[in-house]
Amino acid sequence: MSRIGKRPVSVPKNVTVTIDGQAVSVKGPKGELSRVFPKEVSFDRDGETILVKRHDESRVSRARHGLSRTLLFNMVEGVSNGFERRLEIQGVGYRAQVKGKTLVLNVGYSQPIEIEPPEGVELAVENNTNVIVKGINKEVVGNTAAKIRGVRPPEVYKGKGIRYAGEQVRRKAGKAGKK
């Protein structure tokens, strides 16, 4: 049995979960999310908790069991608390700013890079070097943060670039030079 899949998903009081066959919609104070789950799993509601069950012991069902439970948990967590990813910009002259909803990055290219956030994602900037990506869908927030980081990933010689907050970049030694 999947260790993650057998754990129940607890539903807070301010969140409503509607299960209609394989379609599940979750509504909370931050917004609403819906998703169609694979046919290998089913949902069993017991008061304030939801159990994800699989129909058989096939390899596909076992693989989908833990995934479906985690996706449901992330939906409940997103509409109640939301998700946030922080990015740091390091480098001389590198900075970010928000114009309207668009994020404008000056990271050493000849033109500034403009990134338009997808629907349901908010971008904010602190101190011109810290970018905050917020939203209720964990997958979209993570993909947006990865797209921003991909504009200028941290390089290994000087450490310049965009990195996740707390990310450790392994540094390489430069040229040894003549002796």
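For the structure itself, look to the data block above.
Residues numbered from 1 in each chain as written. Predicted model: local features only at pLDDT ≥ 70, side-chain atom pairs only at ≥ 80, totals over all residues. Heavy atoms only, no water.

Peer 1: Go over the overall build of the protein chain with me, naming the residues and quoting the values.
Peer 2: A count of helices and strands for the protein chain gives two helices and 13 strands. The C-alpha radius of gyration computed for the protein chain amounts to 21 Å, which surpasses the reference 16 Å derived for 179 residues by more than 25%, pointing to a less compact arrangement than a globule. The principal-axis extent of the C-alpha atoms belonging to the protein chain is close to 70 × 45 × 25 Å. Across the 179 residues of the protein chain, 34% fall into the buried class. Counting only contacts in the protein chain whose residues sit at least 6 apart along the sequence, the fraction spanning at least 24 positions is 50%. For the protein chain, the exposed surface amounts to about 11,400 Å²; the carbon and sulfur share of it is 47%. One way to put it: in the protein chain the 34 positive side-chain charges average out to a point 11 Å from where the 19 negative ones average out. (Helix = DSSP H or I, 4+ residues; strand = E, 2+ residues; numbered from the N terminus. Rg over C-alpha atoms; globule rule 2.2 N^0.38 Å. Buried < 20%, exposed > 50% of the residue type's maximum accessible area, 1.4 Å probe, protein only. Contact = heavy atoms within 4.5 Å. Areas by Shrake-Rupley, 256 points an atom, 1.4 Å probe, with all protein chains shown as cover. Lys, Arg positive; Asp, Glu negative; His and termini not counted. Charge placed at Lys NZ, Arg CZ, Asp CG, Glu CD.)

Peer 1: Hey, could you go over the sheet that holds strand β2 (residues 16–20) for me, with residue numbers and the actual values?
Peer 2: Here three strands make up an open sheet; going across it, the order is β2-β3-β4 and the pairing antiparallel. Whereas interior strands pair on both sides, the edge strands pair on one side only; in this sheet they are β2 and β4 (32–36). Strand-to-strand, the axes of this sheet are offset by a mean angle of 10°, without reference to chain direction. Strands β2, β3 (23–27) and β4 of the sheet are contacted by helix α1 (residues 59–80), whose axis makes an angle of about 25° with β3. (Pairing = 2+ DSSP bridges. Axes fitted to C-alpha atoms, helices over the stretch in contact; angles between N-to-C directions.)

Peer 1: Before we move on, could you go through α1 and cite the residues and values that matter?
Peer 2: Here α1 spans 33 Å end to end across 22 residues, near enough to the 32 Å set by a 1.5 Å rise per residue. Residues S61, H65, G66, S68, R69, L72, N74, M75, V76, G78, V79 and S80 constitute the buried set of α1. Directly beyond the C-terminal end of α1, a positive phi value near 85° is found at G82. (Expected span 1.5 Å × (residues − 1).)

Peer 1: Help me get a handle on the layout of surface pockets, residues and values and all.
Peer 2: Computed from the structure, the largest pocket encloses a volume of approximately 170 Å³. Considering the residues around the largest pocket, the lining is formed by K30, N81, G82, F83, E84, G120, E122, K134, G135 and I136. Broken down by secondary-structure element, the contributors of at least two residues to the lining of the largest pocket are β7 (83–90) and β12 (130–135). (1 Å grid on protein atoms, 1.4 Å probe; cavity = no way out; pocket = protein on both sides within 12 Å on 5 of 7 lines; lining within 4 Å. Points joined across faces, edges and corners; volume = space filled by probe spheres on them.)

Peer 1: Go over helix α2 (residues 138–151), please, and point to the residues and values.
Peer 2: If you check α2, its first and last C-alpha atoms are 20 Å apart, about what 14 residues at 1.5 Å a residue would give, namely 20 Å. Structurally, α2 contributes buried residues whose contacts are with β7, β9 (102–106), β10 (113–115), β11 (121–126), β12 and β13 (161–164). Measuring from the backbone nitrogen of E139 back to the side-chain oxygen at the start of α2 gives 3.2 Å, which picks out N137 as the cap. (Polar contact = N/O pair within 3.5 Å; in protein donor to acceptor, adjacent residues only side chain to side chain.)

Peer 1: An account of the side chain of S80 is requested, with residue identities and associated values reported.
Peer 2: The residue S80 is located in helix α1 in this model. From its side chain, S80 meets the backbone oxygen of E77 in a polar contact 3.2 Å long. With sequence-adjacent residues up to four places away left out, S80 is seen in contact with P12, V15, P29 and K30.

Peer 1: Describe the sheet that holds strand β5 (residues 41–46), naming the residues involved and giving the relevant values.
Peer 2: Picture the strands of a sheet paired through backbone hydrogen bonds; they go either parallel or antiparallel. Strand order in this open sheet of three strands is β1-β6-β5, and the pairing throughout is antiparallel. Strand pairing shows two members of the sheet lacking a second neighbour, β1 (9–10) and β5, which therefore form its edges.

Peer 1: Just give me the short version of unusual backbone geometry, but keep the residues and values in it.
Peer 2: In this structure, N127 is a non-glycine residue whose phi angle is positive, near 55°. Within the secondary structure layout, N127 lies in the loop between β11 and β12. We classify N127 as exposed; its relative accessible area is 67%.

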